[in-house]
Amino acid sequence: MEIKDIYSKFLECSSVCTDTRNITQNSLFIALKGEKFDANSFAQEAINKGAKYAIIDNPEYQIENKTLLIENSLETLQELANYHRKKLNTRLIALTGSNGKTTTKELINAVLSSKYNTIATIGNLNNHIGVPLTLLRLTPKTEIGVIEMGANHQKEIEFLCNIAQPDFGYITNFGKAHLEGFGGTEGVIKGKSELITYLKENNKLVFINSDDPIQKEKTKDLNVFSFSKSDKANIEIKEVTANPMVKITLTNTTIESNLIGIYNATNISAAITIGKYFGIEDQEIKKAIENYHPNNNRSQILVKNSNKIILDAYNANPSSMEVALLNFNQLKESNKIAILGDMFELGNESYDEHKKIVLSQENNQTTTFYFIGKEFYKNKNSYKHFHFYEDFESFQKEITQKKIQNSFLLVKGSRGMALERTLDIL
């Protein structure tokens, strides 16, 4: 079946779904194979729940007049998304980077949606499945799409760019994330820069942080629109503070966000810059950013009994852990406690990167540290303000007996550590 024929069926449908738990009336179900399941077997269930058609790649599950049999469902999803993107020709902004992608994406979308009809990646559905699904949410009324792109190895961003064909791009930063897959820090830079390569080859525009020397060097011959706190740029950031919420001052406007951490200043600045590029007035940008509240365990400030908590447990890598600690250390609070969990996907550099985090805090006498996980436990020492636990259960057992009260806490670790569980024992 040719893609134009599949596309005509797609246009008859209200939405696209790959999970029968989320089927809506008249949706298009695309059966994707996983490591432990074959979604072709759910085609009948999808139809029963209201799907108009099901795309399958296993002839055993054909349903007369309801299934579209193709060779590979995943490749068809990606090809369909690309075909749809080219049909609509909506302006698309692609976003990648080691840290802050999702927060930056949400801020950009908040700002742009004050003037334009927009869509953005839902959550962090930013991979070879999530990007096509986002593209298939575009409609003729969509004026701008904000597409988050994640990657943990080379050529992944290049692949996603070829599907989405973005008109603009922004890289949040180049940090120590997914070192195992990328093969080290230089591999991260090379992998994330695939977005810049695509934009250069297609004569598109790159938004850059001119205070980032790598971004500046990589884009020196490109069409750029920049922001900076210390250099000449299209958008000049006059002042940044974080006590604990980030406040940014432009020439005639001060924006007081609901985001903690000086590291979020760059994310906010990017949203300001992109908003101004698209002609949004300062007061509208200010309103949009000040009305944005983080969620999903990302830099949230919570109050639990007598404790105030910075919950940043969605993910962690050496770069984000470092800036989170720098921010936490500069806050003028008493009874400070940092609960830090292992950082994943660091490969051969895991031991050294965990050790660097531990050693960076050895002279910090204002904070009590709880390090949780096998990688941190390898660096166990006898410092009085350091406590090490091989797993969360060991930490939970001891901390429940201590009953932490009237404290200011930072909770941060990789997603697999699920440190939001700490809230249940405080």
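Conventions used here
Residues numbered from 1 in each chain as written. Predicted model: local features only at pLDDT ≥ 70, side-chain atom pairs only at ≥ 80, totals over all residues. Heavy atoms only, no water. Core = buried A, V, L, I, M, F, W, Y, C linked by side-chain atoms within 4.5 Å. Buried < 20%, exposed > 50% of the residue type's maximum accessible area, 1.4 Å probe, protein only. Helix = DSSP H or I, 4+ residues; strand = E, 2+ residues; numbered from the N terminus. Contact = heavy atoms within 4.5 Å. Pairing = 2+ DSSP bridges. Axes fitted to C-alpha atoms, helices over the stretch in contact; angles between N-to-C directions. Disulfide = S-S within 2.5 Å. UniProt positions renumbered as here; feature names shortened; annotations may be inferred. Phe/Tyr/Trp six-rings, centres within 6.5 Å; stacked < 30°, edge-to-face > 60°. Lys NZ or Arg CZ within 6 Å of the ring centre and 35° of its normal.

Caption draft 1: Fine view of the nonpolar core. Ranked by internal contacts, the top residues of the largest apolar core, which has 42 residues, are Leu28, Leu80, Leu135 and Met149. Sorting elements by how many residues they give to this core places helix H6 (residues 156-164) first, with 5 residues. In contact with Leu28, other than residues within four places in its own chain, are Phe10, Cys13, Ser15, Val16, Cys17, Tyr53, Ile55 and Leu80. One finds Leu95, Ala120, Val146 and Ile235 within the second-largest nonpolar core, a separate group that totals 37 residues.

Caption draft 2: Here's a closer look at the sheet that holds strand S19 (residues 386-389). Sheet architecture is open: 6 strands sit in the order S15-S16-S20-S17-S18-S19, paired in mixed fashion. The outermost strands of the open sheet, each flanked by one partner alone, are strand S15 (300-304) and S19. In this sheet, neighbouring strand axes are inclined to one another by 20° on average, regardless of whether the strands run parallel or antiparallel. Pairing geometry for strand S16 (residues 307-312) and strand S20 (residues 408-412), over 5 bridges, is parallel. The partner of Lys308 across the bridge, within S20, is Phe408. Together, strand S17 (336-341), strand S18 (367-372) and S19 form the strand contacts of helix H16 (residues 392-402), whose direction differs from that of S18 by roughly 145°.

Caption draft 3: Focus on the state of the cysteines. All chains considered together, the criterion is met by 0 disulfides. Between Cys17, a cysteine without a disulfide, and Cys13, which holds the nearest cysteine sulfur, the sulfur-to-sulfur distance is 11 Å. By relative accessible area, Cys17 is classed as buried at 7%.

Caption draft 4: Main features of the UniProt feature "domain: Mur ligase C-terminal" (unreviewed entry) in the protein chain. Taking the UniProt record as the reference, the feature "domain: Mur ligase C-terminal" (unreviewed entry) is found at residues 298-415. Helix makes up 33% of residues 298-415 and strand 27%, whereas the separation of the span's terminal C-alpha atoms amounts to 11 Å.

Caption draft 5: Main features of the UniProt feature "binding site: ATP" (unreviewed entry) in the protein chain. Mapped onto the present numbering, the UniProt feature "binding site: ATP" (unreviewed entry) falls on Gly97, Ser98, Asn99, Gly100, Lys101, Thr102 and Thr103. Structurally, Gly100 can be placed in the loop between strand S5 (91-96) and helix H4 (101-112). On the basis of relative accessibility, which here comes to 27%, the residue Gly100 falls in the partly exposed class. The residue Thr102 is located in helix H4 in this model. Once you skip the residues sitting within four places of it in the chain, Thr102 turns out to touch Gly123, Asn124, Glu148 and Arg298.

Caption draft 6: Expanded view of the packing of aromatic side chains. Inspection of every chain in the model, using the stated rule, returns 23 aromatic pairs. Geometrically, the ring pair formed by Phe168 and Phe207 is stacked, given 5.8 Å between the ring centres and 25° between the ring planes. With Phe168 in strand S8 (residues 168-171) and Phe207 in strand S9 (residues 205-209), this residue pair connects regions lying 39 residues apart in the sequence. Judged on exposure class, the residue Phe168 and its partner Phe207 are both buried. With a centroid separation of 5.0 Å and 20° between ring planes, the pair formed by Phe371 and Phe388 is classed as stacked. On the criterion of sequence distance, the pair formed by Phe371 in strand S18 and Phe388 in strand S19 is long-range, its members being 17 residues apart. For the pair formed by Phe371 and Phe388, the shared burial category is buried. By way of ring pairs, the aromatic residues Tyr116, Phe168, Phe207, Phe225, Tyr277 and Phe278 are connected into one cluster. Just above the ring of Phe328 sits the side chain of Lys336; from NZ or CZ to the centre is 4.9 Å. Taking NZ or CZ as reference, Arg421 lies 4.0 Å from the ring centre of Phe392, over its face.

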